[in-house]
Amino acid sequence: MQIISRSFGIYGTNCYVVVLDDGEVIIDPGDGAYEWVKRVCKNPLAILCTHGHFDHVYDCLAIKDEFKIKIYIPKDDAFMCQNDPFGLLKAKFEPDIMVDDKDEIELGGVKFCFHHFAGHTPGCSVITAGEVMFSGDFIFKDSIGRYDFPFSDGKLMKKSLYKVLEFKNYKIYPGHGEPTTLDSQRSSLTRWAQAI
Ligand SMILES: [Zn+2]
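Note that the coordinates shown come from a computational prediction; the quantities given were computed from them, not determined experimentally.

Scoring rules and cut-offs
Residues numbered from 1 in each chain as written. Predicted model: local features only at pLDDT ≥ 70, side-chain atom pairs only at ≥ 80, totals over all residues. Heavy atoms only, no water. Donors = N, O, S within 2.8 Å, 3.2 Å for Na, K, Ca; no water. Tetrahedral: all angles 85-135°; square planar, octahedral: opposite > 155°, others 65-115°. Pairing = 2+ DSSP bridges. Helix = DSSP H or I, 4+ residues; strand = E, 2+ residues; numbered from the N terminus. Axes fitted to C-alpha atoms, helices over the stretch in contact; angles between N-to-C directions. Contact = heavy atoms within 4.5 Å. Buried < 20%, exposed > 50% of the residue type's maximum accessible area, 1.4 Å probe, protein only. Arc of directions from axis to C-beta. Polar contact = N/O pair within 3.5 Å; in protein donor to acceptor, adjacent residues only side chain to side chain.

Surrounding the zinc ion are the protein donor atoms His51 (NE2), His53 (ND1), His120 (NE2) and Asp137 (OD), at 2.1 to 2.2 Å. Every donor counted, the four donor atoms about the zinc ion form angles of 88 to 164 degrees at the centre, which fits irregular coordination.

Right, here's the structure in full:
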């Protein structure tokens, strides 16, 4: 499993391509990811979204139409694609598969598992595959996702932070900024959880 990434759009949102033997899994394709994905992918298998914010889903539809693959999104964030409540998408769209906490999807022989960590958004999730966690906007290196947006919830964010501290170590690939590890973030995450 090889992971390549590039950041896109005004917020420098990381899009990840997980290269497997049979093809590629695309995670969080933001504004401009379409051209890059077309260049680096030979046989895309699916698009997985950590949450519904526009900067993470902006190019989903273009990639889906090009490659005829499915868009997976946490069920509680699907409304952000369907209704575009912030008015920031190129077009509203219907995700194909609504996922729930602990839903597992096998792609190219690898199991991708969604874990629900509400707070940043109602459906905010991380996606694990083997020893790797794609953390979206839930946790970053030395920081956490904002919980003061419309549809955010600080109380749920606090709960989610305590929940992730129970997880084993993972290499973390966040939605913004540099990779890190869960072990190296435990003290910072504990401080954040106590502060909310
Ligand atoms: Zn976000």
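Alright, that's what it looks like, and here's the rest.
The subject of this paragraph is the sheet that holds strand E4 (residues 44–48). Spatially, E1-E2-E3-E4-E5-E6 is the arrangement adopted by the six strands of the open sheet, whose pairing is mixed. Looking along the sheet, the strands with just one partner apiece sit at the ends: strand E1 (2–8) and strand E6 (97–99). The average angle at which neighbouring strand axes cross in this sheet is 20 degrees, direction not considered. Pairing analysis gives four bridges linking strand E2 (residues 13–19) to strand E3 (residues 24–27), with the strands arranged antiparallel. Residue pairing for E3: valine 17 is matched across the bridge by isoleucine 26. This element, helix H1 (residues 33–40), spans E1, E2 and E3 of the sheet and lies at about 155 degrees to E1.

Residues of helix H5 (residues 154–164) that are buried: Gly154, Met157, Ser160, Leu161 and Val164. Take H5 and look down its axis: the buried residues cluster within an arc of 110 degrees, on one side only. Among the exposed residues of H5, those oriented more than 90 degrees off its buried face are Lys155 and Lys159. Two to three positions downstream of the cap, the backbone nitrogen of lysine 155 sits 3.0 Å from a side-chain oxygen, assigning the N-cap of H5 to aspartate 153.

Read these as geometric descriptors, not functional statements.
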